[in-house]
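Here is how the chains run, residue by residue.
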Amino acid sequence: MVQIDRKKLPSKEERHKLFGSVEPGERTKPTEKKDMSDLQNVKKDFLFKIDQVGIANVKHPIQIESGLVPKQQTTIGNFEMTSSIKQNHKGTNMSRFTELLHEYSNGHAFPISISKLKLFMKHLTDKLEQNDVKISVTFPWFFERKGPASGLPGMNYANATIEASYDVENGYTFYVTLDGAITTLCPCSKEISEYSAHNQRGNVSIRVLLNQQYDEQASDWKADLLEAAESNASARIHPVLKRPDEKMVTEQAYENPRFVEDIVRLVAADLYEMEYVDQFTVTCQNEESIHLHDAFAKITYDKREDQ
Ligand SMILES: Nc1nc2c(ncn2[C@@H]2O[C@H](COP(=O)(O)OP(=O)(O)OP(=O)(O)O)[C@@H](O)[C@H]2O)c(=O)[nH]1
C-alpha cells in the first residue's frame, strides 16, 4: 500500500481564528427574558392599524386526507400566517405562530383539515391576543392515476391551497383552490384542417368559497375540484401510458375538442351544481403548441346573488 503524507492542520478553533473569528466582546445587555425590553408590546399611537402582519413562506410538513388513493399522505405545506394589529400596538409576537404550529404537529406533521384549522385559528387568535387570524397554506397533493387501457398506475399531483380566516365577530371563512393540468385539443384546428388538430397542456385553477354544507367526512374538495377540471377536458393527464393507453387518450381528445372558453364554462356549470360551493373563480390557461403565448379565460360567479 502507498503511504500518503497527510498535512498536519491547525485545530478547528485555530482555523476559525485564522479565518477571522475573534473573542466575544463585553456583554452589557440582559440575557434573562424577564429583564429584556419588549419592543413588540410597546403601546403608543403608531399612526395606522395594520391589516395583516405575521410570517410568510414557512415550509412545514403537513398530513392530509384524500378522497383518492393514497387516502393519507404527508406533504410539504407553504404557510402564510397573519393577524391584524391595532393602531396603538407596536408589533406582533412572531415566534408564537411557529410555536403553535409545532405544538399542533405532534413533532411530525400539521394535520390539515377544516376542523383542525378552526381549532388552530381560534387558539392562535387567543395566543396572539388579537381579534382575527388568516392562514394560507399551499401544498402539492398527490394522487394515483391509472392508464385508461392498461390500468398501470403512476403518481400525479395538483397544487392545492387553503385560505382560512377567523375573526371573533364573523367566525370562520374557507376559500380553497385547486390548480390542475389537463389536455385540450383545439376545436378550430380540428374544424378547418384536413387531418389532425393541434393540442395544448391546459392549467385549470378553481377557487371556491365553501359554505356550511361542506362536510369533510363525506367529501374531499380536492378530489371534487379535480374531477370538475378533468371531466370537462379533452383528455386527462397520465403519468404512465402504454400504446393502447396513448391511442385511447389521443382519440378521446379528438372526440372532445375544447377552447379555453369551453373549459371555464363547463367547469363553472359543475361548480354551480355543487351544493357546498357559494362562490367560485375558474381560470384556464393553455400552453399553446403553435404559439409562444398562452390562451386564457376566467369566470367569477357568486351563486348567492341568484337568490
Ligand atoms: N414584530 C416583529 N417581530 C420580528 C420582526 N422581525 C423578526 N421578528 C421576530 O421577533 C421574534 C421575537 O419576538 P417575540 O416572538 O415577540 O418573542 P417574545 O416576546 O420573547 O415572545 P412571547 O414570550 O411569546 O411574548 C423572533 O421570532 C423574530 O423572528 C419584525 O419585523 N416584526
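Remember, predicted model here, so these are calculated numbers, not experimental data.

Glancing now at the overall build of the protein. A tally of helices and strands in the protein yields 7 helices and 9 strands. Relative to a compact globule of 307 residues, whose C-alpha radius of gyration would be 19 Å, the protein shows 27 Å and is clearly more extended. In the protein, which comprises 307 residues, the proportion classed as buried is 39%. Residue pairs at least 24 apart in sequence account for 66% of intrachain contacts in the protein once pairs closer than 6 positions are excluded. Only carbon and sulfur atoms are counted for the fraction: they give 50% of the accessible area of the protein, which is about 19,100 Å². Of the side chains in the protein, 38 bear a positive and 46 a negative charge, and the two mean positions are spaced by 8 Å.

Any two packed helices are characterised by the angle at which their axes cross and by the distance between the axes. The N-to-C vectors of helix 2 (residues 95-104) and helix 3 (residues 114-128) enclose an angle of 145°; their axes lie 10 Å apart at closest approach. The chirality of how helix 2 crosses helix 3 is right-handed. Each of R96, F97, E99, L100, L101, E103 and Y104 in helix 2 lies in contact with helix 3, whose residues at this interface are K116, L119, F120, H123, L124, K127 and L128. Along the lines of polarity and charge, the residues of the contact of helix 2 with helix 3 split into 8 nonpolar, 1 polar and 5 charged.

We now examine the packing of aromatic side chains. The geometry of an aromatic ring pair comes down to the distance between the two centres and the angle between the two planes. Counted by the stated rule, this structure contains 10 aromatic pairs. Relative to Y157, the ring of F142 lies with its centre 5.7 Å away and its plane at 45°, an arrangement referred to as tilted. Of the two residues, F142 sits in strand 4 (residues 132-146) while Y157 sits in strand 5 (residues 153-167), which places them 15 residues apart along the sequence. F142 sits in the partly exposed class, given a relative accessible area of 31%. Given a relative accessible area of 51%, Y157 falls into the exposed group. Site record: aromatic cluster; members linked through ring pairs are F79, Y104, F110 and F120. Above the plane of the ring of Y175 lies R207, whose end atom (NZ or CZ) is 4.0 Å from the centre. It is K303 that lies over the ring of Y272; its NZ or CZ is 5.8 Å from the centre.

To continue, consider the site of the ligand. By nearness alone, every residue bordering the ligand is listed as K33, Q40, T92, N93, M94, S95 and R96. A distance of 2.4 Å is found between an oxygen atom of the ligand and a side-chain nitrogen or oxygen belonging to K33. For the ligand, an oxygen atom lies 2.6 Å from a polar atom in the side chain of N93. Within the complex, 51% of the 660 Å² of free accessible area of the ligand lies under protein. Of the residues assigned to the shell around the ligand, the class counts are 1 nonpolar, 4 polar and 2 charged.

Quick look at the pattern of salt bridges now. On inspection of all chains with the given rule, the structure shows 13 salt bridges. R236 is the salt-bridge partner of E230, the closest N and O atoms lying 3.0 Å from each other. Its relative accessible area of 4% is what places E230 among the buried residues. Residue classification places R236 among the partly exposed positions, given a relative accessible area of 26%. Salt-bridge contacts for R304 lead to D302; the nearest nitrogen and oxygen are separated by 2.8 Å. With relative accessibility at 36%, the residue R304 sits in the partly exposed group. Through salt bridges with shared partners, one network takes in R145, E227, E230 and R236.

Another point: unusual backbone geometry. A cis geometry characterises the amide bond from V69 onward to P70, with omega recorded as -5°. Along the polypeptide, P70 turns up in the loop between strand 1 (50-65) and strand 2 (72-85). Positive phi is not limited to glycine here, since E129 has a value of about 55°. Note that E129 resides in the loop between helix 3 and strand 4. Of the residues examined, E129 reaches a relative accessible area of 60% and is grouped as exposed. Non-glycine residue S196 carries a positive phi angle of around 65°. As for its position among the elements, S196 is in the loop between helix 4 (187-192) and strand 7 (199-210).

Cross-referencing UniProt, the feature "site: May be catalytically important" (unreviewed entry) maps to C186 in the present numbering. When you line up the elements, C186 lands in the loop between strand 6 (171-185) and helix 4. Excluding anything up to four places from it in sequence, C186 contacts A197, H198, Q200, P257, R258 and F259.

Reading the values: rules and limits
Residues numbered from 1 in each chain as written. Predicted model: local features only at pLDDT ≥ 70, side-chain atom pairs only at ≥ 80, totals over all residues. Heavy atoms only, no water. Helix = DSSP H or I, 4+ residues; strand = E, 2+ residues; numbered from the N terminus. Rg over C-alpha atoms; globule rule 2.2 N^0.38 Å. Buried < 20%, exposed > 50% of the residue type's maximum accessible area, 1.4 Å probe, protein only. Contact = heavy atoms within 4.5 Å. Areas by Shrake-Rupley, 256 points an atom, 1.4 Å probe, with all protein chains shown as cover. Lys, Arg positive; Asp, Glu negative; His and termini not counted. Charge placed at Lys NZ, Arg CZ, Asp CG, Glu CD. Axes fitted to C-alpha atoms, helices over the stretch in contact; angles between N-to-C directions. Left-handed = near helix turned anticlockwise from the far one by under 90°. Nonpolar A, V, L, I, M, F, W, Y, C, P; charged D, E, K, R; others polar. Phe/Tyr/Trp six-rings, centres within 6.5 Å; stacked < 30°, edge-to-face > 60°. Lys NZ or Arg CZ within 6 Å of the ring centre and 35° of its normal. Near = heavy atom within 4 Å. Polar contact = N/O pair within 3.5 Å; in protein donor to acceptor, adjacent residues only side chain to side chain. Salt bridge = Lys/Arg side-chain N within 4 Å of Asp/Glu carboxyl O. UniProt positions renumbered as here; feature names shortened; annotations may be inferred.

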